[in-house]
Amino acid sequence: MRIILHIDMDSFFTSCEELRRPELKGKPIIVGADPRGGNGRGVVSTASYAAREYGIHSGMPISIAYKKCPNCIFLPVDFELYVPLSQKIMGILRNYSDKVEPASIDEAYLDLSECKDYTEAVKTAEKIKEEIRKIGLSSSVGIGPNKLIAKIASDYQKPDGLTVVRENNAEDFLKPMNVRKIPGIGPKTSEFLKERGIETIRDLQKITKEELKETFGKFGETMYYFSRGIDDSEVITEYETKSYSKEFTFQKDTKSMEMLRDVTLVMAEELSKELETGKKRFKTVTLKIRFSGFETHTASLTLKEYAGGKEEIYATTNKLLQKFLPLEKAVRLIGIKVSNFEEKDPKTIGLARYI
Ligand SMILES: [Mg+2]
């Protein structure tokens, strides 16, 4: 049984601003573009709960927000303030699970499957919320059998919410909701569905998988499963992001250098493709070699520059392989791992929707 927790900070940017300037607490604050007397371009990044009472929400053009509430406090987005607070929160989360996936600056998934049951998971959630409250920030948490349910649950009772949806209730929990609650269904898709009489997730369940696939392609299939509360996706830790490694076990232990080189070339090719997809560049290559009788060795080499290509992986692996020559025993398994990734600017991690 899997137990997944999703945490979402309540009105994160404006809450950070309130933390820096306590005199702003409870006031209608809008963080986003410059309103310039109602003529500014750009959008609202975050509106505080007091500002939301004026009908202002994130994504709204800043000029409209200004018209709705010219007396609101308009502040520019200040990542220098938010990023360290975000990192502090992620640090707290990592104390409660080895598997933490930051989904954006103020959102993360935790795999709590180590908890023996939901009761224990709820206790963990309460502790997390309390630790975050001590920093002066408020969060909402959802707990469920998968990422999809946890994410929808965290949004269910905002702010300062804690919503638990067990597997057997997941489908009923979703049924009355608008299709927009499903991640990936935006205004265009929901409008398209509405024109066909589909507004709730219950309505969506009536469409066959084939029809959805025909209309929406691969995402149609996802919609089919999501509308039933089914989501098998894993919580992916940020830096190991599905480990960039490959292993190959020979059917019969071998001493043939030709075979070892062929296999490493294929693995290097596969790895470089995955790195390209993940937009990752590495500095360190580790070779793992297991001989007959389970004797296992590893050797690493760190390059001067970041690399990502198959040639670099292959050449480095071969250099490492030299250390084990001449082969005294036959090889059972050979593996390559690349690590030491180029660090991304924290400001670019999961922030696309704010900029
Ligand atoms: Mg949030």
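Located above this text is the structure these notes cover.
These figures come from a predicted structure and were not determined experimentally.

1. Let's talk about the packing of aromatic side chains
Reasoning step 1: Across all of its chains, the model carries 12 aromatic pairs by this definition.
Reasoning step 2: On the numbers, 5.6 Å between centres and 80 degrees between planes, the contact of Phe 192 with Phe 216 is edge-to-face. With Phe 192 in helix 8 (residues 187–195) and Phe 216 in helix 10 (residues 209–216), this residue pair connects regions lying 24 residues apart in the sequence.
Reasoning step 3: Since its relative accessible area comes to 29%, Phe 192 is described here as partly exposed.

2. Here's the deal with helix 4 (residues 79–94)
Because each turn of an α-helix spans 3.6 residues, side chains separated by three or four positions in sequence point in the same direction.
Reasoning step 1: The end-to-end C-alpha distance of helix 4, which contains 16 residues, comes to 22 Å, matching closely the 22 Å that a straight helix rising 1.5 Å per residue would cover.
Reasoning step 2: Among all positions of helix 4, only Phe 79, Leu 81, Tyr 82, Val 83, Leu 85, Ser 86, Ile 89, Met 90, Ile 92 and Leu 93 are buried.
Reasoning step 3: On its buried face, helix 4 is in contact with strand 1 (4–9), helix 1 (12–20), strand 2 (29–32), strand 5 (100–104), strand 6 (107–111) and helix 5 (118–135).

3. Regarding the coordination of the magnesium ion
Reasoning step 1: Ligation of the magnesium ion by protein atoms is provided by Asp 8 (OD), Met 9 (O) and Asp 106 (OD), these donors lying 2.1 to 2.5 Å from the ion.
Reasoning step 2: Between the donor residues of the magnesium ion, the gaps in sequence give the motif D-M-x96-D. With a gap of 97 residues between them, Met 9 in strand 1 and Asp 106 in the loop between strand 5 and strand 6 connect regions that are remote in the sequence. Per residue, the accessibility class of Met 9 equals that of Asp 106, and both read buried.

4. Observations concerning the pattern of salt bridges
Reasoning step 1: This structure, assessed with the given rule, holds 24 salt bridges.
Reasoning step 2: Here Lys 158 makes a salt bridge to Asp 8, at a shortest N to O gap of 3.5 Å. Of the two residues, Lys 158 is situated in the loop between helix 6 (147–154) and strand 8 (162–164) and Asp 8 in strand 1; the sequence distance between them amounts to 150 residues.
Reasoning step 3: For Lys 158, a relative accessible area of 25% translates into the label partly exposed.
Reasoning step 4: Accessibility expressed as a relative area gives 14% for Asp 8, which makes it buried.
Reasoning step 5: Linking Lys 310 and Glu 269 is a salt bridge whose minimum nitrogen-to-oxygen distance equals 3.6 Å. Note that Lys 310 is positioned in helix 13 (residues 310–322) and Glu 269 in helix 12 (residues 257–277), a separation of 41 residues in sequence.
Reasoning step 6: The exposure class of Lys 310 is partly exposed, given its relative accessible area of 29%.
Reasoning step 7: Of the residues examined, Glu 269 reaches a relative accessible area of 32% and is grouped as partly exposed.

5. Observations regarding the state of the cysteines
Reasoning step 1: Applying the stated rule across the entire model yields one disulfide.
Reasoning step 2: Covalent S-S linkage joins Cys 69 and Cys 72, the inter-sulfur distance amounting to 2.3 Å. Taking the sign of the S-S torsion, 100 degrees for the link of Cys 69 and Cys 72, the bridge is right-handed.
Reasoning step 3: When its relative accessible area of 3% is taken as the criterion, Cys 69 is described as buried.

Rules used throughout
Throughout, residues of each chain are indexed from 1 in the direction in which the sequence is written. Side-chain atom pairs in this predicted model are given and counted only at pLDDT of 80 or more, local residue features only at pLDDT of at least 70, and totals for whole chains, interfaces and linings cover all residues. Computation of side-chain values covers all heavy atoms of the structure but excludes hydrogens and water. The pairing test for Phe, Tyr and Trp rings, Trp by its six-membered ring, is centres within 6.5 Å, and the orientation test on the planes gives stacked under 30 degrees, edge-to-face over 60, and tilted for anything in between. A run of H or I in DSSP becomes a helix once it reaches four residues, and a run of E becomes a strand once it reaches two; helices and strands are each numbered from the N terminus. Each residue's exposure class comes from its accessible area (1.4 Å probe, protein chains only) as a fraction of the maximum for that residue type: buried when under 20%, exposed when over 50%, partly exposed otherwise. By this rule, a helix spans an expected 1.5 Å times one less than how many residues it contains. We call two residues in contact when some of their heavy atoms are within 4.5 Å. Coordinating N, O and S atoms are those within 2.8 Å of the metal (3.2 Å for Na, K and Ca), and as water is not part of the atoms, a site may appear to have fewer donors than expected. A carboxyl oxygen of Asp or Glu within 4 Å of a side-chain nitrogen of Lys or Arg is what we treat as a salt bridge. The disulfide criterion used throughout: a pair of cysteine sulfur atoms within 2.5 Å.

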